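Structure at a glance
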Amino acid sequence: MLVLLAMDKSLYSLRMRASRSGGHLSGAERLAPTCDLERLAAAMVNRALNHSRGRAENIHLTIESLDAATVRYAQLPDLLTFSVDDWRQGRTAAGKLLVEAGVSLMAAERAMAWMAEGCAPDGRSMRGAMLIDALTGQRLEEDPFRGVRVGRMDLTAEAEESLRAGLRRLELDNLHVREALVLAGKVALAPEVMAELCWSDDPDYNAGYVAAASLGYVRFPHLKPMGEERGGRAFFIAPGADIPSLLTFLEKAPVLFEQVGVLRDPVPWKG
Ligand code: WAQ
Ligand code: MG
């Protein structure tokens, strides 16, 4: 019996998305062995019912088994914080970093304008991310209400422990940072994505980041005004990239982070 249990390498993907008044409220993605499923599912339901933007009306929980042999193991990106005075300075800095990663200034500015106005056509936040041509700034995602949801990524228990210890030292050990690092880490593994820009849709969380394989995960404590509910994500796509294969990777390919990158002390942004 013990031998059989030890050989149970089944792995599941858990996905939660919750909505309220017809709009996206909250979502979460985990990978877990059988023995953790109940606990993680309960935590996801609890989270949907206790969100800062209100109580969920609809909660969708999806649990799917995966072939553990298909899991790719990887290292989380290095993390750096640039201290900025306010969200305006933060956005200027984020634009400069995106240009450094090869995104055109026009594409970067269009992404920020969409995120400020609400990325979905009704002016609300999207459930997923925008795909934006890194050169022309054109929107490439098929469904502009939904966007592209990255899934099937997580970190191992050992990596989580080590990440939390490192983040605690920087006073950054919160769920926003941990989940964003894991998501950005998976996105940065896609060669079609030149860079990512994100700020939260939670009114009480105004930090955001620019991430790229070449830059790591670069945070800004302010990318939007406090109290603002509109947020989002933009993935800047290399011109001519094969979108269907990118979507298969982002949505379906399981990635587990087993190593943590370097976590740096904040430095002031100098124009
Ligand atoms: N795949 C694609 N897009 C997503 C996903 C996903 N799995 N989850 C969320 N989004 C999009 C969606 O449009 C949300 O409206 C938007 O991102 C923001 O999601 O270093 O909390 O979960 O201090 O509100 C970043 C800074 C925090 C953390 C990001 O995002 C830090 C955050 P939220
Ligand atoms: Mg949110």
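The model shown is predicted, which means the values in this text are computed figures rather than measured ones. (Residues numbered from 1 in each chain as written. Chains lettered and ligands numbered in written order. Predicted model: local features only at pLDDT ≥ 70, side-chain atom pairs only at ≥ 80, totals over all residues. Heavy atoms only, no water.)

1. Comments concerning helix α6 (residues 175–188)
Selection criterion: Helix and strand assignments follow DSSP, with helices taken as H or I runs no shorter than four residues and strands as E runs no shorter than two, numbered in order from the N terminus. For a helix, the expected span equals 1.5 Å multiplied by the residue count minus one. Categorising residues by exposure relies on relative accessible area from a 1.4 Å probe, with only protein chains included: less than 20% of the type maximum marks a residue as buried, more than 50% marks it as exposed, and the intermediate range marks it as partly exposed. Each polar contact in these results corresponds to two N or O atoms within 3.5 Å; when the atoms are within protein, one needs to be able to donate a hydrogen and the other to accept it, and residues that are neighboring in sequence are counted only if both atoms are side-chain atoms.
Relative to the 20 Å expected for 14 residues at 1.5 Å per residue, α6 spans 20 Å between its end C-alpha atoms, a close match to the ideal helical length. Counting buried positions over the 14 residues of α6 gives ten, a clear majority of the element. Here α6 has its buried residues at Val177, Arg178, Ala180, Leu181, Val182, Leu183, Ala184, Gly185, Lys186 and Val187. The backbone nitrogen of His176 has a side-chain oxygen 2.9 Å away, supplied by the residue at the start of α6, namely Asn174.

2. Some words on the sheet that holds strand β7 (residues 153–155)
Operational definition: For two strands to count as paired, DSSP must find a minimum of two bridges between them. With axes taken as lines fitted to C-alpha atoms, and helix axes fitted only over the stretch in contact, angles between N-to-C directions fall between 0 and 180 degrees. Only heavy atoms enter the contact rule, under which two residues are in contact if any of them lie within 4.5 Å.
Strand order across the open sheet formed by three strands is β4-β12-β7, with parallel pairing between neighbours. Both edges of this open sheet fall to β4 (72–75) and β7, since each of them pairs with a single strand only. Within the sheet, the average angular offset between the axes of one strand and its neighbour, ignoring direction, is 30 degrees. Helix-sheet contacts for α6 involve β7 and β12 (255–259), and the interaxial angle to β7 is about 125 degrees.

3. A closer look at the nonpolar core
How we decide: Only buried residues count toward a nonpolar core, which is a set of Ala, Val, Leu, Ile, Met, Phe, Trp, Tyr and Cys residues joined through side-chain atoms within 4.5 Å.
By size, the foremost hydrophobic cluster in this structure holds 37 residues, and its most contacted members are Leu79, Tyr209, Phe235 and Leu250. Counting residues per element, the ones that place at least two in this core are β7, α5 (157–169), α6, β8 (193–199), β9 (208–212), β11 (232–237), α7 (243–252) and β12. If one sorts the elements of this core by residue count, α6 sits on top with seven residues. Apart from residues no more than four positions distant in its own chain, Phe235 is found in contact with Ala129, Met130, Leu131, Ile132, Val150, Leu183, Val187, Val193, Ala195, Glu196 and Leu250. Ala108, Met115, Ala120 and Val210 belong to the second-largest nonpolar core, a separate cluster that totals 32 residues.

Structural measurements only, silent on function.
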